[in-house]
Amino acid sequence: YRGKSWAVRTKSILLAWNYPGITIMIIRKTYPELRANHIYPMRMMLGTHGGAKYNDSRKEYRFPNGSMILFRHCDSDSDLDSYQGTEADIIFLDEATHHEERAFKVFCACLRGVNQFPKRMYLTCNPGGRGHGWVKRLFIDRAFQDNENPDEYEFIQSLVTDNAALMRAQPEYIAQLQALP
């Protein structure tokens, strides 16, 4: 499968290997989603390759060059409060429309640190969900507020038909999507 989650995993691994000492955080709404969409597949991808080690109690991969990939979830305000003080160089907010704009802003505040690596956030999403409005405002309507820099937001559209592996394996998936309300 070569969709959004695959891209998040692959880019995370490549960044971790190629930029020593960086911290990458992958966020989903729930821990079971993280486990199914990222942790298990990433463990299959990496195995024991090159010494990257997964720590299940800490929910993180550590690479021999000092880079880390952290797996985090955020399903409630109390989860969101736990991010105060967190630092990351790169954040992947996978399925961003599952989160309110407040959560997005809290995660943006986590993009900080003293190294010279340029801080950045990547969002993946599908239309709909409780965060649909703010994602649409920023990336589709481009209706920015005074404190938002339009140069910091770029939308890259992908259609279900762009996922050639899925279309070969499950061509009826388009009909399933069309049947949704």
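Since the structure is predicted, the reported quantities are computational estimates derived from the model, not experimental observations.

How should I be thinking about the pattern of salt bridges in this particular structure?
Pairing between side chains of opposite charge can happen when their charged atoms approach one another. Using the criterion set out here, one finds 15 salt bridges in the structure. Residue Asp 81 pairs with Arg 102 through a salt bridge whose shortest N-O separation is 3.7 Å. Taken together, the residues Asp 81 in helix 3 (residues 77-81) and Arg 102 in helix 4 (residues 101-109) connect sequence positions 21 residues apart. Note on Asp 81: relative accessible area 47%, which makes it partly exposed.

I'm lost on unusual backbone geometry in this one. Help?
Positive phi, close to 55°, is recorded for Lys 59, a residue that is not glycine. With respect to the helices, strands and loops of the structure, Lys 59 is situated in the loop between strand 2 (53-55) and strand 3 (60-62).

Mind showing me how you'd approach the sheet that holds strand 1 (residues 23-28) here?
Two orientations exist for strands paired in a sheet by backbone hydrogen bonds: parallel and antiparallel. Read from one edge of the open sheet, 6 strands run 2-3-4-1-5-6, paired in mixed fashion. With one partner strand each, in any of the chains shown, strand 2 and strand 6 (120-124) form the two edges of the open sheet. Averaged over neighbouring strand pairs, the angle between their axes works out to 15° when direction is ignored. In this structure, strand 1 lies alongside strand 4 (residues 68-73), joined through 6 bridges in parallel fashion. Residue pairing for strand 4: Ile 26 is matched across the bridge by Phe 71. Helix 2 (residues 31-46) rests against strand 1, strand 2, strand 3, strand 4 and strand 5 (90-94) of the sheet, and its axis sits at about 155° to strand 4.

Explain helix 4 to me, please; I cannot follow it from the model alone.
Three or four residues apart is the spacing at which side chains of an α-helix point the same way, because the helix has 3.6 residues per turn. Listed as buried for helix 4 are Glu 101, Ala 103, Phe 104 and Phe 107. Around the axis of helix 4, the buried residues are gathered within 155° of arc, so they sit on the same side. Along its buried surface, helix 4 packs onto strand 1, helix 3, strand 5, strand 6 and helix 5 (132-139).

Honestly, the packing of helix 1 (residues 4-18) against helix 2 in this entry has me stumped. Any pointers?
The relative placement of two packed helices is expressed as an angle between their axes plus a distance between the axes. One way to put it is that helix 1 packs onto helix 2 with a least axis distance of 10 Å and a crossing angle of 55°. With respect to helix 2, the axis of helix 1 lies oblique. The two elements helix 1 and helix 2 cross, and the hand of that crossing is right-handed. Mapping the contact onto sequence places Ser 5, Val 8, Arg 9, Thr 10, Ser 12, Ile 13 and Trp 17 in helix 1 and Asn 37, His 38, Pro 41, Met 42, Met 45 and Leu 46 in helix 2. Across the contact of helix 1 with helix 2, the residue classes break down as 7 nonpolar, 5 polar and 1 charged.

Rules and cut-offs
Residues numbered from 1 in each chain as written. Predicted model: local features only at pLDDT ≥ 70, side-chain atom pairs only at ≥ 80, totals over all residues. Heavy atoms only, no water. Salt bridge = Lys/Arg side-chain N within 4 Å of Asp/Glu carboxyl O. Helix = DSSP H or I, 4+ residues; strand = E, 2+ residues; numbered from the N terminus. Buried < 20%, exposed > 50% of the residue type's maximum accessible area, 1.4 Å probe, protein only. Pairing = 2+ DSSP bridges. Axes fitted to C-alpha atoms, helices over the stretch in contact; angles between N-to-C directions. Contact = heavy atoms within 4.5 Å. Arc of directions from axis to C-beta. Parallel < 35°, antiparallel > 145°, perpendicular 65-115°, else oblique. Left-handed = near helix turned anticlockwise from the far one by under 90°. Nonpolar A, V, L, I, M, F, W, Y, C, P; charged D, E, K, R; others polar.

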